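So the chains spell out like this:
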Amino acid sequence: MGNIFGRRPAAPGGESRPPVVMGSHVDSVPTGGRFDGALGVVCAIEAVRALDDARVLTRHPVEVAVFTNEEGARFQPAMLGSAVLAGKIPLEDAYQARDRHGIRLVDELERIGYLGPEPCAARPMRAYLELHIEQGPLLEEAGLSVGVVEGIVAIAWTRVTFHGDQDHAGPTPMRTRRDALVAAAEVVRSVRRIALELGDGPVGTVGWLDVHPNIVNAIPGKVVFTVDLRAPSDALLDRAVAGLDAAVRDAAAAEGVRVEAERMMRVPLTRFDSDVVGAIQAATESLGTPHRRMLSGAGHDAQHMATLCPTGMVFVPSIAGKSHCEEEATDFDDVERGANVLLHAALRLAEPV
Ligand SMILES: [Zn+2]
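Throughout what follows, the structure given in this document is the object of discussion. (Residues numbered from 1 in each chain as written. Predicted model: local features only at pLDDT ≥ 70, side-chain atom pairs only at ≥ 80, totals over all residues. Heavy atoms only, no water.)

**Here we look at the packing of aromatic side chains**
All chains considered together, the criterion is met by four aromatic pairs. Centroid distance Phe67 to Tyr128: 5.9 Å. Interplanar angle 70°. Geometry classified as edge-to-face. Here the residue Phe67 occupies a position in strand S3 (residues 62–67), and Tyr128 occupies one in strand S4 (residues 127–133), the gap between them amounting to 61 residues. Given a relative accessible area of 2%, Phe67 falls into the buried group. Judged by relative accessible area, which is 0%, Tyr128 ranks as buried. Following the ring pairs from residue to residue traces out a cluster consisting of Phe5, Phe67 and Tyr128. Between the NZ or CZ atom of Arg123 and the centre of the ring of Phe5, over which it lies, the distance is 4.9 Å. (Phe/Tyr/Trp six-rings, centres within 6.5 Å; stacked < 30°, edge-to-face > 60°. Helix = DSSP H or I, 4+ residues; strand = E, 2+ residues; numbered from the N terminus. Buried < 20%, exposed > 50% of the residue type's maximum accessible area, 1.4 Å probe, protein only. Lys NZ or Arg CZ within 6 Å of the ring centre and 35° of its normal.)

**Points about unusual backbone geometry**
For residues other than glycine, phi is negative in most cases, and the peptide bonds are mostly trans. Cis peptide bonds are those with omega within 30 degrees of zero, and the linkage from Gln76 to Pro77 qualifies with 0°. Residue position: Pro77 is located in the loop between S3 and helix H2 (80–85). A cis amide bond links His212 to the next residue, Pro213, at an omega of 0°. Tracing the sequence through the fold places Pro213 in the loop between strand S8 (203–212) and strand S9 (218–219). Despite not being glycine, Arg55 has its phi angle at roughly 50°, a positive value. Here Arg55 lies in the loop between helix H1 (38–53) and S3. Unlike most non-glycine residues, Ala320 shows phi in positive territory, near 60°. With respect to the helices, strands and loops of the structure, Ala320 is situated in the loop between strand S14 (311–316) and helix H10 (332–350).

**Describing the packing of H1 against H10**
Two elements in contact, H1 and H10, have axes whose closest approach is 9 Å; the angle formed by their N-to-C orientations is 60°. The angle between H1 and H10 falls in the class oblique. Seen along the crossing, H1 lies across H10 with a hand that is right-handed. Contact residues: H1 offers Leu39, Cys43, Ala44, Ala47, Ala50 and Leu51, while H10 offers Val335, Ala339, Leu342, Leu343 and Leu347. Split into classes, the residues belonging to the contact of H1 with H10 amount to 11 nonpolar, no polar and no charged. (Axes fitted to C-alpha atoms, helices over the stretch in contact; angles between N-to-C directions. Parallel < 35°, antiparallel > 145°, perpendicular 65-115°, else oblique. Left-handed = near helix turned anticlockwise from the far one by under 90°. Contact = heavy atoms within 4.5 Å. Nonpolar A, V, L, I, M, F, W, Y, C, P; charged D, E, K, R; others polar.)

**Thoughts on helix H7 (residues 234–255)**
Here H7 contains 22 residues, and its C-alpha end-to-end distance of 32 Å stays within 8% of the 32 Å for a straight helix at 1.5 Å per residue. Inspection of H7 places Leu236, Leu237, Ala240, Val241, Leu244, Ala247, Val248, Ala251, Ala252 and Glu255 among the buried residues, and these make up the whole buried set. Considered in projection along H7, the buried side chains sweep an arc of 145° and stay on one side of the axis. Residues of H7 that are exposed and angled more than 90 degrees away from the buried face: Ala235, Arg239, Arg249, Asp250, Ala253 and Ala254. Turning to H7, the residues buried within the fold contact strand S6 (154–163), helix H6 (180–197), strand S10 (222–231) and strand S11 (258–267). The positive-phi residue at the C-terminal boundary of H7 is Gly256, with phi of around 70°. (Expected span 1.5 Å × (residues − 1). Arc of directions from axis to C-beta.)

Encoded structure:
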C-alpha cells in the first residue's frame, strides 16, 4: 500500500512487545502548505533521534509510520493507506482507485518503487500517536502551544440534486420558472443558519455545486451540490442532518422542483483512548506546556488507527488558523513544544527501562 514503517528496537527481551507508533502522512493538496502531515512525520523521526541521543531504552519498540494518500487529493477516498491497514477498504479496491487521468494507484505505487512486499495488515500495537497542525484558529486565539486532542468530530456528507425546468432566460416570465439554482441557493443559506442555531460546535459547508447547463442565458434545469456537516456529538449531528433534510424539502416545495438526496458518508464521533490522551496530558503538564483539551474538526489517519489500537493526537497551532494553502505555518517554538510533548507521551507509553 506504500505505507512506511520504521522501527527502533525495544530493550533486550522486548522485541515481541507491541510497538508504540508515531506518525502521519507526507502527501499534500495542490498549492498546499509544508506542515500538514509532514510535520507529524518529521517530529516522530526527531523524537526517535532524541531517544537515541539520550541512549534511552524502552520496554516496547518505537515505530515511525507514514501513511499513503491521506488527503485524497489525487486518489479517492481520503485516508486511504490507514483505511486499508484498518480493514475499512479492501486492498484490491484501493489499488484500483484512479486519478483524473485514469492512472491506477497500484501502477503509480509500482512506478515509484513503493509497492512493497510486506502485507498491509493490522498487527498488535501498544498505541498510535499523531502530531498534527490544528488547521483552525483556536490554539492561537487562546495563546496556547499544544492541543490535547480527545477525538474527532462526527461528520455527515450529503449530495443533493434539484431537477427544475431548463428554459430561456429571456422569454420565460418569472412567475412560471422552476429554477434549480434558486432552490439550491435557499439550501446554501439554510446550511449556515442550521449550524449557527445549534450553537458553537457544529459547522456546515456547501463546497461544491454543479449547475446545468451553466451558461449565461438559460434557467438552470439541474443543480447537484454537496453539504458537509460536522458536530462535536452524534446527537447534534443528527439534529443538523434533520434540519438539512427539512430545508431541502422546503426549498424544493417553494420552487416547485423535484429533489433527490443521497447520504455520501457518515462518520460517528471518534473518541480517543483515555490512557493515551492521559499520557499526552501528563506530558504537557510535566513539561509545563500551555495547552487545552479539544476535538479535531478534520479527519486524520488517527481516526482509522483508533479502531486498531489505543490512539491520541497532539495539535500545534496554525498561524492565523490557515491550512491547505501556501501561507500554512506554525511557529517553530510551538513545533518544539509539540514535539517534546509527542516524545514524552510516547516515552510514557513505551516505558523507559
Ligand atoms: Zn493532514
